[in-house]
Every structure is written in C-alpha cells, then in structure tokens.
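Below, each chain spelled out in residue letters.
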Amino acid sequence: MIDFKVDIVGSFLRPDEIKEARAAFKAGTISREELTAVEDKAIAELVDKEVAHGLQFVTDGEFRRRWWHLDWLKEFDGFETIYVTKPLAGGVHEVEYGQVTGKFFYDKNKSHKEMYAWDYLHGLAQKYDGVMAKKCISGPNMILIDHVLQLGHKETPYYGDNLDALIDDIGKAYQDAIQDFYDHGCRYLQIDDTSWTYLIDENFLQKVDALGYTQAQVLEWFRTVSTKALENHPADMTIATHFCKGNFKGKPLFAGFYDAVAPIIMQIPYDIYFVEYDDERSGSFAPWAGMKDNDKRFVAGLISTKNPVLENVDDLKARFAEAKSVVGDNIALSPQCGFASVEEGNAITEDVQWQKIDLLVSCREWV
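Notes on the structure follow. (Residues numbered from 1 in each chain as written. Predicted model: local features only at pLDDT ≥ 70, side-chain atom pairs only at ≥ 80, totals over all residues. Heavy atoms only, no water.)

Considerations on unusual backbone geometry
Filter applied, for reference: Elements are defined by DSSP. Helices are runs of H or I of four residues or more, strands are runs of E of two residues or more, and each kind is numbered from the N terminus. Each residue is placed in one exposure class: buried if its accessible area under a 1.4 Å probe, protein chains only, is under 20% of its type's maximum, exposed if it is over 50%, and partly exposed if it falls in between.
Of note, Glu 62 is a non-glycine position whose phi angle comes to about 60 degrees, a positive value. With respect to the helices and strands, Glu 62 occurs in the loop between β1 (57-58) and α3 (70-73). Exposure remark for Glu 62: the relative accessible area of 7% places this residue in the buried category. Even without a glycine there, the phi angle at Asn 232 is positive, about 70 degrees. Summarising the element assignment, Asn 232 is placed in the loop between α9 (215-230) and β7 (238-243). Of the residues examined, Asn 232 reaches a relative accessible area of 66% and is grouped as exposed.

Written out as structure tokens, the structure reads:
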C-alpha cells in the first residue's frame, strides 16, 4: 500500500481559460483538438503548482470533466446520459443522469478520453522525483444509483429485469478498466462513490421505499458490485475510495451519519478510505471502529473545500486525535472533498483553495 500522511481528494477549481474553452467547444467555435490543447496546458501548469505547494500525489484537477462521475462512466459501452431539469441544492438546475442502454462492458481497444488523460498526467508526474500521479474515477454504484433509483428504471433494454446479470457485467467491466489503467502505469487509483451517502439520507430512503426496495437490499447491491469490481486487481496497485455527502457547486446533497453504511463499506477490499468529516453533520468516528482491526488506512477529511474559512490547526489536531483513538494508527489527513466536483466549482476563490492546500501540507509534520 502507498504510504502517506496527507493527500488530496482530486478536483481543483477550473481556471478561466478552461471554462472559456469548454464553452467555446460546446458552442462549436473551437475543435476538440483545440480544447484538448488548452486542457493540456492548464493541467501542466496545475501539476507544477501542486508540486510547488508540496503535494506528494498529483491529479489533473479533473479539468477535462463536466461532472466528476459521468465523464468517466461514459467510457463504458452500454451507458448513455440524459438531461433532466429539477430542484437541487436550493435551486433549479439541468442535471445529467446516466442509464444503461445495452450490454455493459469496457473495451480496452477503444480510444478512451480518460486513458489519454491518465497517460498525460502520468507523464507530467514522472518529471519530478518523489511525485506520483493518482487517477480518480467514479465507482460502479453510481450506475445503479442513476439508472435504478434516480430514474426509476426497473429494466434495461439488454438485461430486462435481471439486475444480478447487470451487476455482474458492471463488476467485470471495472475489472477490465482497472487492469487497463495498470497496464498504462497507474499504481494509485481512487474510486469516488457518493452512492453510500444517498443511503443514509432519510429523504432519499423514502424514494427507495417508494420504488419497492429497502435500504438493506440496495446496500447489498453496492457491496456486491463494488467487491466484484476489485476482484483480481494487481497486488501492487493501491486502490482507495472516497465518499462525502455530495458536493454540487459547494453545497451538500445528503444528510445523516455513517452507522448504517460503514460496516458494509469496510467489507470491500479497498486499501484506503477517504471519508468526509469536516463538520458536525458527519457525527462521530465510532462507525469506523472496525478499521482498528485491519491493515486499511482511514483518511480523515477534516479540511473543508466548501467553507472559505481556513481551519484552526489546534482544532484539526484535536479532531484528528479523536479519529485516531477510534480507527488506530493507520490514519492520514485530507480535505473532505475535491474543490470542484462539477466544472462550476465550489464557492471559494483560487487563493483560498491554495491556502487550504498549504494548510494540509503543513499538517504533515504532526499527522
């Protein structure tokens, strides 16, 4: 397992040149190649800045993505998205949802945008001694969340109502994708999956119930597909997971404590668990007491990427000590989420973003 004391979750605020280029591409005034060139330049500058600010692991900030999860999921065959306008996080927004439209699989012989993104990032990181690239992708549960629970589909065109067969193919597709990343040099993969926190939110659980399912039933889907996805992964590839209670333009989407989901998640063979704990909405660390009995690493997400106020170091030390007393010595520190799960980003400035990064790095001396 990769060793560290502090690490980031992944996404960064998009610079203006990225936003302008993506808008121009959407309007048809620049080509895909021109957009990629702008993204390449901005990502190279980001990696330089990450290294300059003392980060051991670097990401591409998810600069090539509109959504943290869907841009990755679109790499699979048998998956497409639709747009829905709905109330969300205090406003009305156009939201994109994913659905299964055919046999679900990953074709490593195709030209994948996300593999280009990885190869480019990996190449940048190799210029620096002691720096490693981390690839962030969304998890398999998000497919089930969108297709079955958000859109309410009981069947798919290919699988009919055979959810077990779909879950099996999703797991196999992830195995193939993970192996493909490994073959391209990836040794640190982070699987982001906020689906777990949908299942602790009372409002969403009412929706689950109305569809004729139970919390326990859906959690078993998640456990099964997540475990299947990690089968046969290379032993020298560290695989982390991250989840929070949603982050849409800096606003949380769900509420509740981790008691019902932590025991399930700890059964899945991840090496590292990044968990949101930046305010009282997260509750105590007690649900993760089982981490003390295994060799997995718990990463306490104590630094907020949504709140522009810089955390007090003494408060961080106290909260970290509280977590350590529950989960044991195999613990590290991180922000609770990325800075821009969607391209609009959180309601903070770039200056604050980098102040938060500097704070995180400075904590390495006492973590």
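Back to the write-up after that little detour.
As for the packing of aromatic side chains
The condition is simple: We call Phe, Tyr and Trp rings a pair once their centres come within 6.5 Å, taking the six-membered ring for Trp, and we label the pair stacked below 30 degrees between planes, edge-to-face above 60, and tilted otherwise. When the NZ atom of lysine or the CZ atom of arginine is within 6 Å of a ring's centre and also within 35 degrees of its normal, the charge is said to sit over that ring.
Applying the stated criterion across every chain yields a total of 29 aromatic pairs. Each ring, one from Phe 4 and one from Phe 274, has its centre 6.2 Å from the other, and the planes form 15 degrees; the classification is stacked. Here the residue Phe 4 occupies a position in the segment before α1 (16-27), and Phe 274 occupies one in strand β8 (residues 272-276), the gap between them amounting to 270 residues. Stacked on the ring of Tyr 182, the Lys or Arg Arg 187 has its end atom at 3.6 Å from the ring centre.

Points about the side chain of Asp 193
Rule in force here: Only four residue types enter the tally: Lys and Arg on the positive side, Asp and Glu on the negative side; His and the chain ends are excluded. The salt bridge definition used is simple: a Lys or Arg side-chain nitrogen within 4 Å of an Asp or Glu carboxyl oxygen. Within 3.5 Å is the distance limit for a polar contact, defined as a pair of N or O atoms, with the added protein rule that one can donate a hydrogen and the other accept it, and that residues adjacent in sequence qualify only through two side-chain atoms. Note on contacts: a residue pair is in contact if any heavy atoms of the two residues lie within 4.5 Å.
Following the sequence through the fold, Asp 193 ends up in the loop between β6 (188-192) and α7 (195-198). Look at Asp 193: it is buried, it has no salt bridge, and the nearest opposite charge is Arg 65 at 12 Å. Polar side-chain contacts of Asp 193 include one of 2.6 Å to the side chain of Ser 195. Asp 193 has contacts with Trp 68, Gly 139, Pro 140, Asn 141, Met 142, His 242 and Phe 243, leaving out every residue within four places of it along the chain.

Digging into the nonpolar core
Convention followed: Only buried Ala, Val, Leu, Ile, Met, Phe, Trp, Tyr and Cys residues count toward a nonpolar core, and they belong to the same one when joined by side-chain atoms within 4.5 Å.
With 108 residues, the main nonpolar core has Trp 221, Trp 288 and Phe 298 as its most contacted residues. Ranked by residue count, the leading element in this core is helix α6 (residues 163-183), at 10 residues. Apart from the residues within four sequence positions on either side, Trp 288 is in contact with Phe 243, Tyr 258, Ala 262, Ile 265, Met 266, Val 275, Tyr 277, Phe 298, Val 326 and Val 327.

Overview of the environment of Lys 306
Residue placement: Lys 306 occurs in the loop between β9 (297-303) and α11 (313-327). Take Lys 306: its relative accessible area is 14%, and that puts it in the buried class.

Here we look at the packing of helix α5 (residues 141-150) against helix α8 (residues 202-210)
Worth spelling out the cut-off: Note on definitions: angles span 0 to 180 degrees between N-to-C directions of axes, and those axes are lines fitted to C-alpha atoms, for helices only across the stretch in contact. Comment on the angle field: the value is read as roughly parallel under 35 degrees, roughly antiparallel over 145, roughly perpendicular from 65 to 115, and oblique elsewhere. When residues are sorted by character, Ala, Val, Leu, Ile, Met, Phe, Trp, Tyr, Cys and Pro go into the nonpolar class, Asp, Glu, Lys and Arg into the charged class, and all the rest, Gly among them, into the polar class.
Relative orientation of the contacting elements α5 and α8 amounts to 60 degrees, with a least axis distance of 10 Å. As far as their axial angle goes, α8 and α5 are oblique. Counting all contacts with α5, which are made through Ile 145, Leu 149 and Gln 150, the residues of α8 involved are Phe 204, Lys 207 and Val 208. Per-class residue counts for the contact of α5 with α8 are four nonpolar, one polar and one charged.

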